[in-house]
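What follows is each chain in one-letter form.
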Amino acid sequence: MTGPTGPDDHVIVLFGATGDLAKRKLLPGLFHLATAGLLPDGYRIVGSTPHRSAMSDEAFRTLAHDAIAAFGRSKPSGPVWKTFEESLSFGAADPEDPGPLLAAVRTAEDSLGGPSRRLFHLAIPPSAFGSIVGMLGDTGLAENGKVIVEKPFGTDLVSARALNETIHAVFDESRVFRIDHFLGKESVENILALRFANGMFEPIWNRNHIDYVQIDVPETLGIEGRGHFYEGTGAFRDMVVTHLIQVLGIVAMEPPVSLAAKPLRDEKDKVFEALRPIGPEHVVRGQYEGYLDEPGVAADSQTETFTALRVELDNWRWAGVPFHLRSGKRLAQGRQVVTLGLREPPLRMFATDLADQEKYRGNKIVIDFGDPGWIATRFLAKEPGPAMRLEPVTMAFGYAGSYCEANGLEGYERLILDAMLGDQSLFTRSDGIEHIWAASTSLLENPPPIQTYAPGSWGPEPAISELIAPDLWHLPDAAEVVSGTGA
Ligand code: BG6
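Named according to an unreviewed UniProt entry, the protein is Glucose-6-phosphate 1-dehydrogenase originating from Streptomyces malaysiensis. The protein has a UniProt comment under Sequence similarities (unreviewed entry) that states "Belongs to the glucose-6-phosphate dehydrogenase family." Taken from UniProt, the Pathway (unreviewed entry) comment for the protein reads in full: "Carbohydrate degradation; pentose phosphate pathway; D-ribulose 5-phosphate from D-glucose 6-phosphate (oxidative stage): step 1/3."

*Asks:* Describe in detail the site of the ligand, supporting the description with residues and values.
*Replies:* Close contacts around the ligand come from K151, H181, F182, K185, E219, R226, D238, M239, H243, K329 and Q336, and that covers them all. Taking R226, its side chain carries an N or O atom lying 2.6 Å from an oxygen atom of the ligand. The contact in question runs from an oxygen atom of the ligand to an N or O atom on the side chain of K329, over 2.6 Å. Protein contact buries 77% of the 400 Å² of open area that the ligand shows by itself. Its residues assigned to classes, the shell around the ligand shows 2 nonpolar, 3 polar and 6 charged.

*Asks:* Any details on the nonpolar core? Residues and values, ideally.
*Replies:* One finds F15, F84, V213, F323 and L325 to be the most contacted residues of the largest nonpolar core, which totals 114 residues. Looking at which domains feed residues into this core, each of domain 1 (10-150) and domain 2 (183-483) supplies at least three. Every residue in contact with L325, bar those within four places of it in the chain, is listed here: I215, V240, L244, I245, L248, T307, A308, L309, V311 and W473.

*Asks:* So what about empty space enclosed by the protein? Which residues, and what values?
*Replies:* Tallied over the entire structure, the rule returns 2 cavities of 30 Å³ or more. There is about 80 Å³ of room inside the largest cavity. Along its surface, the largest cavity is lined by V149, E150, K151, F153, R178, I179, D180, T242, Q246, T428 and I433. Classifying every residue of the lining of the largest cavity by side-chain character gives 4 nonpolar, 3 polar and 4 charged.

*Asks:* Please provide a residue-by-residue account of the domain arrangement of the protein, values included.
*Replies:* Its domain assignment divides the protein into domain 1 (10-150) and domain 2 (183-483). Domain 1 puts 18 residues into the contact, and the matching count from domain 2 is 12 residues. Where domain 1 abuts domain 2, roughly 1,400 Å² becomes buried across the two surfaces, and 70% of that area is made up of carbon and sulfur atoms. When the buried surface of domain 1 facing domain 2 is broken down by residue, L33, L38 and R73 rank first, second and third, together holding 32% of it. Linking domain 1 with domain 2 are 1 salt bridge. At 7 residues, the largest contribution of residues to the side of domain 1 that touches domain 2 is made by helix α1 (residues 20-35). Of the residues belonging to the side of domain 1 that touches domain 2, the class tally is 10 nonpolar, 4 polar and 4 charged.

*Asks:* Account for the side chain of E173, with residues named and values stated.
*Replies:* With respect to the element layout, E173 can be found in the loop between α6 (157-168) and β6 (176-178). A distance of 3.3 Å separates the side chain of E173 from the backbone nitrogen of S430, its partner in a polar contact.

*Asks:* Hey, could you go over the UniProt feature "binding site: NADP(+)" (unreviewed entry) in the protein for me, with residue numbers and the actual values?
*Replies:* Taking the numbering used here, the UniProt-annotated feature "binding site: NADP(+)" (unreviewed entry) corresponds to G16, A17, T18, G19, D20, L21, A22, K23, R52 and K151. In three dimensions, the annotated residues from a span of 136 residues occupy distinct locations, with a maximal C-alpha spread of 23.9 Å. Lining the largest cavity, from the set of annotated residues above, are K151. Within the secondary structure, L21 sits in helix α1. In this structure L21 comes out as partly exposed when scored by relative accessible area, which is 23%. With near-sequence residues (within four places) excluded, L21 lies in contact with L26, A123, E150 and Y412. Relative to the helices and strands, R52 is located in the loop between β2 (43-48) and α2 (57-71). The class of R52 is exposed, set by a relative accessible area of 76%.

*Asks:* If you had to explain the UniProt feature "active site" (unreviewed entry) in the protein to someone new, which residues and values would you point to?
*Replies:* The residues that UniProt annotates with the feature "active site" (unreviewed entry) are H243. Residue position: H243 is located in helix α9 (residues 234-252). Apart from residues lying up to four places away in sequence, H243 is in contact with K151, D180, H181, F182 and D238.

*Asks:* Break down the confidence of the model for the protein for me, citing the residues and quoting the values.
*Replies:* Of all residues in the protein, 95% attain a pLDDT of 70 or more, and the chain-wide mean is 93. In the predicted structure, residues 482-487 sits below a pLDDT of 50 and forms 15 contacts with residues beyond four places in sequence or in another chain.

*Asks:* Mind laying out the pattern of salt bridges, listing which residues take part and the relevant values?
*Replies:* As enumerated under the stated definition, the model contains 30 salt bridges in all. R178 is paired through a salt bridge with E173; the nearest N and O atoms lie 2.8 Å apart. Of the two residues, R178 and E173, both sit in the buried class. Between D431 and R429 there is a salt bridge whose closest N-O contact spans 3.1 Å. Under the relative-accessibility criterion, D431 is labelled partly exposed at 32%. Looking at R429, the relative accessible area reads 15%, which means it is buried.

*Asks:* How would you explain unusual backbone geometry if you had to name every residue and give the values?
*Replies:* The omega angle of the peptide bond from D371 to P372 is 5 degrees, so this bond is cis rather than trans. In this fold, P372 is placed in the loop between β12 (364-368) and β13 (374-382). P462 follows E461 through a cis peptide bond whose omega is 5 degrees. Here P462 is to be found in the loop between β15 (450-453) and α15 (463-468). One non-glycine residue with positive phi stands out, namely N144, at about 65 degrees. Position of N144 relative to the elements: it lies in the loop between α5 (129-139) and β5 (145-149).

Calculation notes
Residues numbered from 1 in each chain as written. Predicted model: local features only at pLDDT ≥ 70, side-chain atom pairs only at ≥ 80, totals over all residues. Heavy atoms only, no water. UniProt positions renumbered as here; feature names shortened; annotations may be inferred. Near = heavy atom within 4 Å. Polar contact = N/O pair within 3.5 Å; in protein donor to acceptor, adjacent residues only side chain to side chain. Areas by Shrake-Rupley, 256 points an atom, 1.4 Å probe, with all protein chains shown as cover. Nonpolar A, V, L, I, M, F, W, Y, C, P; charged D, E, K, R; others polar. Core = buried A, V, L, I, M, F, W, Y, C linked by side-chain atoms within 4.5 Å. Buried < 20%, exposed > 50% of the residue type's maximum accessible area, 1.4 Å probe, protein only. Domains from an automatic or database assignment. Contact = heavy atoms within 4.5 Å. 1 Å grid on protein atoms, 1.4 Å probe; cavity = no way out; pocket = protein on both sides within 12 Å on 5 of 7 lines; lining within 4 Å. Points joined across faces, edges and corners; volume = space filled by probe spheres on them. Buried area = accessible area lost by both parts, 1.4 Å probe. Salt bridge = Lys/Arg side-chain N within 4 Å of Asp/Glu carboxyl O. Helix = DSSP H or I, 4+ residues; strand = E, 2+ residues; numbered from the N terminus. pLDDT = per-residue confidence, 0-100.

Right, here's the structure in full:
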């Protein structure tokens, strides 16, 4: 059945149903969609894993209950939980033995009154994407279905192309949803509103007025027991190729004709096409002290837990403007911030302290896209008193103080809903991901040596400062912004 604006009835198959992502994000997210009334009228959720981790429907319901109780915004109780719980079942599958999954999907569809739409979420290690997609094709399950593919999508250009071919042999591109949960964040989407709905920002959003752009996603978290996954991935593939460059796409894109999937993704992909090859000389790779002792990590591992890089876009709007990207584990703060530094006007008429020039490079637009997120502009104002003295001051908007947070959806929630609706606007297209890998080739073939850094620091110094000199890494404190003293 189709609701007036909601999705059609769906059977959602969650591959990797007992994994960390399913427990922390996907099951709690699906339940939050149910409590918000955003799931279809008829829905069933079938958990799946390889046979070696198979479980009963009952055990899967208990696992979902515990995961939602531990990580969900909506707690598992009341009539919505009862309906949700009854919708859950389990069907194990290996590519050579998909029987239990086929039976579980059939039962789920029968209980909805016949064949419905199917959504497959591949929350599994990237190495298993190909074989599971092949199985969906061979068994006929892929018919009437869409697939959500987790990141990282490939490990380089060759593997991403091969994966695109494997997937396209079963699902045409209109049914492929390459997910990047950063694009589902309210405050990342709000960058589109900030830029394109306001006459005061877009006219200065280009190389004539912007000096540099910084996209900074430090994390205090370590690898959280994911040594095995992380060893084969590292910070560049885990965070940069995916999240940071996707945010860069939104920050740097040209205005799309509309926000429909095609024009929006056309403009975002043009940014990726304009990425200059990322030269190893513009990259710092770090590894926190103690990483080698983590379970699942090789004693001589060269995997980076930190990366900082300087990238450029070869296009009309951004030629010559450096984009500074940084992300790493076990750093001093957990933040998600875009900063746009504006070119300085001449300040000759004002008495400035020449020893503190950085203070007067004051014009910045700062977008904190960590949930719930805030936006601030920093500019210079006259300090009260008889003398004309300049001081940096801040104007700020915060989501938390301005809107009811409960109305918002988390990244995964928003994106799973969009996938059910068939809206691909916030998902990555095959050519987009291939352009990003193409720009990364020389770095991946020739990575600079690892430098260690102390947990709780900002990464390997002096390398990260030298990388972007004379610019600086800026991370205003949220408290300072709210109190009007920073940004
Ligand atoms: C994931 C990465 O995609 O994003 C993790 O695999 C990272 O390493 C996480 O910690 C950050 O996302 P969020 O939404 O938890 O800040």
